[in-house]
Amino acid sequence: MGLDVDACISTLKQGETVSERELRQLCQYVGELLMEESNVQPIMSPVTIVGDLHGQFFDLLNLFEGVGGWPPDTSYVFLGDFVDRGHNSVETLSLLLCLKLKYPAHITLLRGNHESRQITQVYGFYDECLRKYGNASVWRHCVQCFDCFGLAALIDEKVLCVHGGLSPDVRTLDQIRAIDRNQEIPHEGAFNDLVWSDPEDIAGSWQLSPRGAGYLFGKQVTDEFHEVNNLQFLARAHQLVMEGRKYHFDKRLVTVWSAPNYCYRCGNVAAILEIGGNDTSDGNSSNNDNGKNTANNNNKNTIEGSDDDSTSGNSNNNINSNSNGNNRDQVTSSSEHEGYPGSISQRFKFFQETKESVHGPGGSERAQLVPYFL
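Here we summarise the structure given alongside this text.

## Focus: the side chain of T108
Move 1: If you trace the backbone, T108 turns up in strand β4 (residues 107-109).
Move 2: Sequence-distant contacts of T108, defined by excluding residues within four places in its chain, comprise Q41, I43, Y76, V77, F78, K100 and A153.

## Brief notes about helix α7 (residues 137-146)
In an α-helix, one turn spans 3.6 residues; hence positions three or four apart end up facing the same way.
Move 1: What α7 keeps buried is the set V138, W139, C142, V143, C145 and F146. Looking down the long axis of α7, one finds its buried residues gathered within 155 degrees of arc, a one-sided arrangement.
Move 2: Those residues of α7 hidden inside the fold are in contact with α2 (20-34), α4 (89-102), α5 (117-120) and α6 (125-133).

## Some points on helix α3 (residues 57-68)
Move 1: If you check which residues of α3 are buried, you get F57, D59, L60, L61, L63, F64, V67 and G68.
Move 2: Looking one or two places after α3, you find G69, whose phi comes out positive at around 95 degrees.

## Notes on the sheet that holds strand β8 (residues 206-208)
Move 1: Spatial strand order, β7-β9-β8: 3 strands in an open sheet with mixed pairing. In this open sheet, the two strands that pair with only one neighbour each are β7 (198-199) and β8.

## Some details on the pairing of strand β12 (residues 245-248)
Move 1: Neither face of β12 is left uncovered, since the one carrying R245 and Y247 and the one carrying K246 and H248 both have all their residues buried.
Move 2: Relative to strand β13 (residues 253-256), β12 runs antiparallel, the two sharing 4 bridges. Bridge pairing in β13 places H248 opposite L253.
Move 3: Adjacent in sequence and paired antiparallel, β12 and β13 are bridged by 4 residues, among which F249 carries a positive phi angle near 55 degrees.

## Some points on the packing of aromatic side chains
Move 1: Taken as a whole, this structure holds 15 aromatic pairs when the rule is applied.
Move 2: Seen from their ring centres, F82 and F149 are 5.9 Å apart, and the 70 degrees between their planes marks the pair as edge-to-face. Taken together, the residues F82 in the loop between β3 (76-78) and α4 and F149 in the loop between α7 and β5 (152-155) connect sequence positions 67 residues apart. Both residues of the pair, F82 and F149, belong to the buried class.
Move 3: Ring-pair connections join several aromatic residues into one group, and the members of that group are F64, W70, Y76, F78, F82, F125, F146 and F149.
Move 4: Residue placement shows K13 over the ring face of W70; its charged tip is 4.3 Å from the ring centre.
Move 5: When the ring centre of F348 is taken as origin, the NZ or CZ atom of R245, which lies over that ring, is 5.4 Å away.

Conventions we followed
Residues numbered from 1 in each chain as written. Predicted model: local features only at pLDDT ≥ 70, side-chain atom pairs only at ≥ 80, totals over all residues. Heavy atoms only, no water. Helix = DSSP H or I, 4+ residues; strand = E, 2+ residues; numbered from the N terminus. Contact = heavy atoms within 4.5 Å. Buried < 20%, exposed > 50% of the residue type's maximum accessible area, 1.4 Å probe, protein only. Arc of directions from axis to C-beta. Pairing = 2+ DSSP bridges. Phe/Tyr/Trp six-rings, centres within 6.5 Å; stacked < 30°, edge-to-face > 60°. Lys NZ or Arg CZ within 6 Å of the ring centre and 35° of its normal.

Everything listed here is a matter of coordinates, which is why it stays silent on function.
Structure below.
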């Protein structure tokens, strides 16, 4: 193969970038690997779901080292939006590509709306590549690799994972499998909707999204999609959640956010979602109908934020501290199964930002950041 993946990982752990040649090889080899996978990649639990990362590399290192564990001890589904806004998108993407190449069965990479040519030229990744490598070649290799990323993952044939949400053009999983994903994200259609849409308490089925791409969809659409495809719930990212996670529609859909103190200023907690791995969920996990009437009242305060609309909710779940020290160093976990009764086991781990993400970069480097409200 001509690429020392372990050496690349060691370089990245030291906070340095890999060479242009190494990143080009990573994009090529991982792209070939990803194109062998399905648009809806089947996965067996236990597995951990990770939401948006947005170039917060040191928080990703903390996620592996202090929160979820390194692969292959832990298997992961990453829901996309690895780049843009944060100062270390190159390192974040490079590490994930290295881990995918080294542990292909334990890392699943899905495409987010920021894994595109158009968006990365506006929100920071393109400029970061120019800054760190002196040319746009690395960016071109990366966006070509983005075209190979999967659209969805299916855990135990019960839990569908996507970056954004549902589409009026998609009623069955087979319709997702039939999409030609090896291309730039289109401006409309099912592919676009899967990475751009958002859940919302709306009257009726669909509304155009205020983002300018994708749709807003409600409980009726979600319940019908689960019924047709025999699913328990849908896991997605795409929206800033101040407490790291938020359930919607009687816990038939959950938003996971994994970038703490987003953009080095939002002050939010991050979370990862552990699926399966124990038998302590309430009831029979094969029953998809239980919980449709389980109430889940969340605070619906909203912080508006461009292409990453923010939502926050007050948690009613008991949380136990797993570590000592100040809040920034703590990892906390939900004390019991959080999903609706009868669903597959769902437990969250919550974590704060690292010292590198408290204030973000300083000086001229900080001037390169794109404010979250743009």
